[in-house]
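Residue strings, one per chain:
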Amino acid sequence: MSSVTTGKLSPAMEQYMRFKREHEDAILFFRMGDFYEMFFDDARQAARLLGLTLTSRNHGKTSGDIPLAGVPHHAAEGYIAKLIGLGHKVAICEQVEDARKAKGIVKRDVVEVVSPGTALSDTMLDGQSNNFVASLFVDKDRAGLAIVDLSTGDFTLDEMADAELPGELERLGPSEVLVAEQVTEDALSSWLAGIPAVATTRLADWQFEHNSARNGLLDQLGVRSLKGFDCEEIPVAVRAAGAAVTYLRDSQRGALDHINRISRRRREDCLLLDANAQRNLDLLVNQHDGSRDGTLLAVIDRTSTSLGARLLRQWIAAPLHHPDAIESRLQAVSSLFEGHRERAQLREQLNRVGDLERMMARVCCRRASPRDLVGLAASLEALPTIAEITGLFDSGLLRKLCTEELPQAEGLVRLVRKAIVDDPPAAIGDGGIIRDSFRAELDELRGVASGGRDWIARLQVEERERTGIASLKIGFNQVFGYYIEVSKANLDRVPDHFTRKQTLVNAERFITPKLKDRETQVLNAQERISELETEIFTDVRDRAAAWAREVQQAAQTVATIDVLAGLAEVAEAERYVRPVVNDGRSIEIEGGRHPVVERQLQEGRFVPNDLLIDCESAQILLITGPNMAGKSTIIRQAGLIVLLAQMGSFVPARAARVGVVDRIFTRVGASDNLVQGESTFMVEMNEASTILNNVTPRSLILLDELGRGTSTFDGLSIAWAMIEYLHSGTEDKPRTLFATHYHELTELEGRLPGVHNYNVLVREEKDQVVFLHRMLPGPCDRSYGIHVARMAGMPSEVVSRANEILERLESLRDKRDGLPVGEADCELPTRRDQMDLFDPRRQTDPELRRLLEEFREVQVNHTTPMQALELLHRWKKAME
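Residues numbered from 1 in each chain as written. Predicted model: local features only at pLDDT ≥ 70, side-chain atom pairs only at ≥ 80, totals over all residues. Heavy atoms only, no water.

A.B. asks: Looking at this structure, how should I read the overall build of the protein chain?
C.D. replies: Counting its regular elements, the protein chain contains 32 helices and 26 strands. Partitioning the contacts of the protein chain with sequence separation of at least 6, the portion at a separation of at least 24 is 68%. Only carbon and sulfur atoms are counted for the fraction: they give 50% of the accessible area of the protein chain, which is about 40,800 Å². (Helix = DSSP H or I, 4+ residues; strand = E, 2+ residues; numbered from the N terminus. Contact = heavy atoms within 4.5 Å. Areas by Shrake-Rupley, 256 points an atom, 1.4 Å probe, with all protein chains shown as cover.)

A.B. asks: Looking at this model, I keep getting lost on the sheet that holds strand E12 (residues 263–264). Mind explaining?
C.D. replies: By definition, the strands of a sheet pair up through backbone hydrogen bonds, in either a parallel or an antiparallel sense. Strand order in this open sheet of six strands is E11-E10-E7-E8-E9-E12, and the pairing throughout is mixed. Two strands close off the open sheet at either side, each with one partner strand: strand E11 (199–203) and E12. Note: strand E7 (residues 133–139) against strand E8 (residues 142–148), seven bridges, orientation antiparallel. The residue of E8 that forms the bridge with Val-138 is Ala-143. Its contacts with the sheet put helix H4 (residues 165–172) on E7, E8 and strand E9 (155–161), and the angle it makes with E8 is roughly 15°. (Pairing = 2+ DSSP bridges. Axes fitted to C-alpha atoms, helices over the stretch in contact; angles between N-to-C directions.)

A.B. asks: Where do I start with the pairing of strand E6 (residues 108–114) in this structure?
C.D. replies: Two faces, one strand: in a regular strand the side chains alternate between the faces of the sheet. Within E6, five of the seven residues are buried, which leaves it mostly tucked inside the rest of the structure. In this sheet, E6 lies alongside strand E5 (residues 90–95) in antiparallel orientation, the contact comprising six bridges. Paired with Val-90 across the two strands is Val-114, which belongs to E6. (Buried < 20%, exposed > 50% of the residue type's maximum accessible area, 1.4 Å probe, protein only.)

A.B. asks: I keep staring at helix H18 (residues 440–449) and nothing clicks. Help me out?
C.D. replies: For an α-helix, 3.6 residues make a turn, and residues three or four places apart therefore share a direction. Within H18 the residues assigned to the buried category are Leu-442, Leu-445, Arg-446 and Ala-449. Projected down its long axis, H18 carries its buried residues within an arc of 100°, all on one side. Of the exposed residues in H18, those oriented more than 90 degrees away from the buried face are Ala-440 and Glu-444. Where H18 is buried, its residues meet helix H20 (513–545). (Arc of directions from axis to C-beta.)

A.B. asks: Whenever I open this one, the sheet that holds strand E19 (residues 609–613) confuses me. Can you help?
C.D. replies: In space, the four strands of this open sheet follow the order E17-E21-E18-E19, with mixed pairing throughout. The two strands at the open ends of the sheet, each matched to only one other strand, are strand E17 (580–582) and E19. Going across the sheet, the axis of each strand differs from the next one's by a mean of 10°, ignoring polarity. In terms of strand pairing, strand E18 (residues 587–592) meets strand E21 (residues 655–659) through four bridges, oriented antiparallel. Along E21, the bridge assignment pairs Ile-589 with Ala-656. Against the sheet, helix H23 (residues 631–646) makes contact with E17, E18, E19 and E21, and its axis sits at roughly 110° relative to E18, the strand it touches most.

A.B. asks: What is the right way to look at the environment of Pro-407 in this model?
C.D. replies: Along the chain, Pro-407 turns up in the loop between helix H16 (396–404) and helix H17 (410–419). For Pro-407, a relative accessible area of 23% corresponds to the partly exposed category. As for Pro-407 and Ala-555, which are separated by 148 residues in sequence, their C-alpha atoms are 9.4 Å apart. Not counting the four nearest positions on each side in its chain, Pro-407 is found in contact with Leu-383, Glu-550, Gln-553 and Ala-554.

A.B. asks: I tried to follow helix H24 (residues 680–694) on my own but got confused; where do I start?
C.D. replies: Helix length check: H24 (15 residues) gives 22 Å between terminal C-alpha atoms against 21 Å at 1.5 Å per residue, within 8%. Inspection of H24 places Val-683, Glu-684, Met-685, Glu-687, Ala-688 and Ile-691 among the buried residues, and these make up the whole buried set. (Expected span 1.5 Å × (residues − 1).)

A.B. asks: Please explain the nonpolar core as it appears in this structure.
C.D. replies: If you look at soluble globular proteins, the nonpolar side chains tend to sit buried side by side. Membership of the largest hydrophobic core comes to 115 residues, with the highest contact counts inside it found for Ile-300 and Ile-316. In this view, Ile-316 contacts Leu-273, Leu-283, Leu-284, Leu-296, Leu-297, Ile-300, Leu-643 and Met-647; residues no more than four positions away in its chain are not counted. In terms of nonpolar packing, the next biggest core, distinct from the first, is built from 52 residues, Leu-120, Phe-137, Ala-240 and Cys-365 among them. (Core = buried A, V, L, I, M, F, W, Y, C linked by side-chain atoms within 4.5 Å.)

A.B. asks: Which parts of the structure should I look at to understand the confidence of the model for the protein chain?
C.D. replies: It should be kept in mind that the predicted coordinates are not to be read in detail where pLDDT is low. Residue-level pLDDT values for the protein chain average 87, and 90% of them are 70 or greater. Between residues 1–6, whose pLDDT stays under 50, and residues either more than four places distant or in other chains, the model counts 17 contacts. Counting contacts from residues 818–843, a segment whose pLDDT is below 50, to residues more than four positions away or on other chains yields 46 contacts. (pLDDT = per-residue confidence, 0-100.)

A.B. asks: For this particular structure, what's the right way to read the packing of aromatic side chains?
C.D. replies: The description of an aromatic ring pair uses the distance of the two centres, along with the angle that the planes make with each other. Evaluation of the coordinates by the stated rule reveals nine aromatic pairs. Ring geometry for Tyr-16 against Phe-30: centres 5.5 Å apart, planes inclined by 90°, an arrangement best described as edge-to-face. In this pair, Tyr-16 sits in helix H1 (residues 11–22) while Phe-30 sits in strand E1 (residues 27–32), placing the two residues 14 residues apart along the sequence. The buried category is assigned to Tyr-16, whose relative accessible area is 0%. Measuring from ring centre to ring centre gives 5.4 Å for Phe-337 and Phe-650, while their planes differ by 45°; the resulting arrangement is tilted. In this pair, Phe-337 is assigned in helix H11 (residues 323–338) and Phe-650 in the loop between H23 and E21, connecting sequence segments 313 residues apart. (Phe/Tyr/Trp six-rings, centres within 6.5 Å; stacked < 30°, edge-to-face > 60°.)

Pasting the structure below:
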């Protein structure tokens, strides 16, 4: 508030300043009548971000004009949503008493603080994704991570090595991150390297103190110990979780009943997919524009509810690891797959279910509208039929879901249906929310407020008889209230106790003491009706909050049924088959297809491929072939088929047998990280190092090129050494698919028994190539890069020259390879072919060794340009 003017402020501005000091990190929406107003820097910022008109107003004798911007209260939600989308916080300060009854300044209070991680309105949330707040705490080398979705009640804890924290945050993608004040900017930047644009909030250090955090967590959960949640042995994570609870309580002013359970995320229970794997396999968002188009999610999402859509994302990001649990899901999908008619009936019922989790969250946070309660009841009414249909399928999992894990919450349905009208208004203050006959007092007041047609008719008859004016009328409007209307032709008959109220062109309107009393009764009744309806609705909403656990359990069960039914639907539509998943170490796929690429091609154009890989005889498959032949597609589709199988889905193949994988590692493509100062090659090496340092016997490694960001010799050497290490340097022997253009690596098939060569076929027709997309055993001898350059539209002059150079180089290579060692070395002194790295003739050349030694000793930082030129000239002469 550096721009606040000095001087005496008005009482309203003094009140504003008090709330602003309490919420300095938020834009304060200050309710004044029908508007939310912002002042000082908040006004300037809001005007710029929201396109509002910036004006000014005097709020005190000596304070001067104060910058001002405002939005109508009925349209505020849209403006708040925009600010939240831009990463800002908004503190909403409401009038908490009737301005007509206020003595002095109207009482106000901040009723809610909305941030990117605490939004509850549907306009601010993506119904298909969770909206996570991540609370972080690091103690020595251990990191605690609490993940909370206020809009659904999801609450999980985890503890890990601090080095794993950045990757886990990138994988989860929270909307907001909470850290202690003591955390340095450098540490925070390193943790958030993968999500640099995320909103961050700093909390007081004491909120992360263990006793305070643990007690706050126990109080929120209503328990005396965390043992029942399996969290007593992860104290660092408990500190993060307790701080998150304090923050959310503050934002919602203590209304947090739906945060009533936590769970510990155990990595050993699922197939781990780090952020690289999620990104490289295009699981949830694509690498092109960050949307869901062209992703696995887009292909397999056939869910009918928002609940199911969010759960499906969780299943994709964390597939199962235990074969028994996977088999349980597969059996459920198989049963749903076979029951076409019953599945259609089930999905029809699922379409009736709204977002139970988020509606209940708004109920518990005291933010629910009348329509939320009606939507909640309507959704719950579908549960009995869902349970009945689900019970028809031959699946242990489905039977358990419908008989043991699907509470009906009939009491909540009865409460809402009895209290709330079927089609209520959107806001509480609009009236007409509570049903007739729910509260006798309300019925009586409505009778008075409605004016009573019978009462008006009787009075009209009485006044006509008393005055003798047959055309006399009694009416009511919102501006003038009740009135008696007399035409000008009959004004001489108007009694003395009539008081003139309004003059019209052809008539006069009057009021009488009797009408005035009635008007007062009506106005008082209307005011009381508004108060009473609000009281009744608030009471019903609070009683509904007591059903939070049942509704949340029902939501989770419905979501599970929905996802399983959706997987059966996609299996039928896309011709997927049920895989066999076991504890074995091999992966065998017959006629495997890439689910996303197949969807994008015309039917029948995708070429399926077989694959067999294990941890012994076929541990590493080296896949060579031309650019655009399909190497990348084949290795990615293997990863996607494994992932689908382990999440309990049918897979795109003729048949698949999968020995469970505990982690999928990917090293794909070439990219840099300029923000972190990392080159393309450094990014490659970081990813490769992560693989080698974390690999296990059950890992699946997908390598699509390695070492392409450096010189040919360096890259080839690293790739060669990495394959040797994966094969012989570790006892883990992970299953590995390696697509490469380093054809020299194919020599490893004869040297390492677990390495096998495969190539993706092409057919040459004159000067064109036809990509067959078929993978067969054996190496490929060419990359056909110039053909691809021609297809990309490279100028013909460049293509022709490239062909000439290629022919020259190949002829030189062939000529050298056919000569004796001495002659070859003499004839091709300037040739630096890739084969030289493993050529014994080069390894025994004393002149080359001498030059290399001299090159290693050069101190680049202490060499002038002229000295460098002299060195280069001398070396060139020596090589001639």
